[in-house]
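Fold and contact review
Now for the letters of each chain:
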Amino acid sequence: FPVTIFVSKLLESASHSLGQMGLDPTRPYVCLHVRDNRYHQVHSGSQWKEPHEWRNLDLKMFSLAVKSLVEQGFQVVRIGVNVKEMLPSADEREVFDYAINGFRSELLDVVLVSQCAFMISTSSGIDSLAQTFRKPLYNIGVIAPSQLYIHRNLFSIVQRFRETGTERLLTLKESLVLPKISDASLAEMGLSAVPNSTDEIADLAIEADQRFRGVWSPTDD
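Here the residue index of a chain counts from 1 through its sequence in written order. A pLDDT threshold of at least 70 governs which residues receive local features in this predicted model, and a stricter bar of 80 or more applies before side-chain atom pairs are shown or counted, although totals over entire chains, interfaces and linings include all residues. The side-chain values count all of the structure's non-hydrogen atoms but skip hydrogen atoms and water molecules.

**What about the packing of aromatic side chains?**
The cut-off we apply is this: Note on aromatic contacts: the rings of Phe and Tyr and the six-membered ring of Trp form a pair at centre separations within 6.5 Å, being stacked when their planes are under 30 degrees apart, edge-to-face when over 60 apart, and tilted otherwise.
The tally for this structure, following the rule as stated, stands at five aromatic pairs. Through a chain of ring-to-ring contacts, three or more aromatic side chains come together here, namely Phe 74, Phe 118, Tyr 138, Phe 155 and Phe 212.

In structure tokens, the structure reads:
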């Protein structure tokens, strides 16, 4: 087939599958990816020497963000592969747990991200699709300085560092001069990462919605 016909047939197939899943193509949707520790257990096993456990987040922390997005008229599609648990708020009508509902394919991964309103992620490999298709990317759980990088439509909230003995939170200035972060280096420095809160994640989702609608207004906060 000529390329245009080939691509057209792929898109037709993808649209049919997403229609079967229940996604409404006339309404905007958000792609959500939350990293947990199952991916490296399945794919890497003992070969993965530095799993970066501090990057694994609890899906329940995203429930308020998902609820807020649905209230604003978005559909939410949780993407991923070899995930540990089901998205608690998935109802397969407004919130789709595509990672485990049986519809997932590499073709749909690409199509979903390429056509989403924006993507909320935990700084994982699939973020590259959002960058490729110039989709706004909202990263949660980023840690300075090891994950800071440039992307024209990237918005992030960062995890903080806490001293394990005193519970003191490091300042941003102190965090930025730390060496590259790993599970081992955190332990050696006597530090732990503090995950973003449910409210912080929901606030970022609200900002994403407002930027999408063109009504976002920065504040001193």
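After presenting the structure, the write-up continues.
**Details of the nonpolar core**
Stated precisely, the cut-off is as follows: In these notes, a set of buried Ala, Val, Leu, Ile, Met, Phe, Trp, Tyr and Cys residues joined through side-chain atoms within 4.5 Å is what counts as a nonpolar core. Three exposure classes are used, based on accessible area relative to the maximum for each residue type with a 1.4 Å probe and protein chains only: buried under 20%, partly exposed in between, and exposed over 50%. Counting from the N terminus, the helices are the DSSP runs of H or I reaching at least four residues and the strands are the DSSP runs of E reaching at least two. Any two residues whose heavy atoms approach within 4.5 Å at even a single point are treated as in contact.
Residues Leu 32, Phe 62, Leu 69, Phe 118, Ile 120 and Ile 140 are the most contacted members of the largest nonpolar core, which totals 25 residues. Broken down by element, the residue count for this core peaks at five residues, all from helix α8 (residues 198-213). Excluding its chain neighbours within four sequence positions, the residues that come into contact with Leu 32 are Phe 62, Val 66, Val 76, Val 77, Arg 78, Ile 79, Leu 87 and Ile 120. Core analysis: the next-biggest nonpolar cluster, separate from the first, contains 20 residues, Tyr 29, Leu 112, Ile 126 and Leu 154 among them.

**Some remarks on the sheet that holds strand β5 (residues 137-142)**
The condition is simple: Between any two strands, at least two bridges found by DSSP are needed for them to pair. A fitted line through C-alpha atoms represents every axis, and for helices the fit uses only the stretch in contact; the resulting angles, taken between N-to-C directions, go from 0 to 180 degrees.
In spatial order, the strands read β3-β2-β1-β4-β5-β6; together these six strands make up an open sheet with parallel pairing. The outermost strands of the open sheet, each flanked by one partner alone, are β3 (95-96) and β6 (154-158). Docked against the sheet, helix α3 (residues 63-71) engages β1 (29-32), β2 (75-78), β3 and β4 (118-121), running at close to 145 degrees with respect to β2. Packed on one face of the sheet, α8 meets β4, β5 and β6 and runs near 165 degrees to β5.

**Section: the environment of Asn 56**
The condition that has to hold: N or O atoms closer than or at 3.5 Å make up a polar contact, with two conditions inside protein: a donor-capable atom paired with an acceptor-capable one, and, for residues adjacent in sequence, both atoms drawn from side chains.
Within the fold, Asn 56 resides in the loop between α2 (38-43) and α3. When residues no more than four places from it in sequence are discounted, the contact partners of Asn 56 are Arg 35, Asp 36 and Asn 37. A polar contact is formed between the side chain of Asn 56 and the side chain of Arg 35, at a distance of 2.8 Å.

**With respect to the side chain of Arg 78**
Relative to the helices and strands, Arg 78 is located in strand β2. Judged by relative accessible area, Arg 78 falls into the buried class, the value being 0%. Separated by 3.2 Å, the side chain of Arg 78 and the backbone oxygen of Glu 85 make a polar contact. Residues in contact with Arg 78, not counting those within four places in the same chain, are Leu 32, Asp 36, Leu 59, Val 83, Glu 85, Met 86, Leu 87, Phe 96, Asp 97, Tyr 98 and Ala 99.

**Here we look at a nonpolar patch on the surface**
Stated precisely, the cut-off is as follows: Only residues whose relative accessible area exceeds 30% and that take part in no salt bridge are eligible for patches, with like-charged residues grouped when within 9 Å of each other and nonpolar side chains (Val, Leu, Ile, Met, Phe, Trp, Tyr) grouped when within 5 Å. Reported accessibility uses the Shrake-Rupley method at a 1.4 Å probe radius. Residues are deemed covered only where the shown protein chains occlude them. Salt-bridge detection follows one rule: a side-chain nitrogen of Lys or Arg within 4 Å of a carboxyl oxygen of Asp or Glu.
Side chains of Leu 172, Leu 176 and Val 177 sit close together on the surface and give an oily, nonpolar patch of about 320 Å² of accessible area. By the element assignment, Leu 172 lies in helix α6 (residues 172-176).

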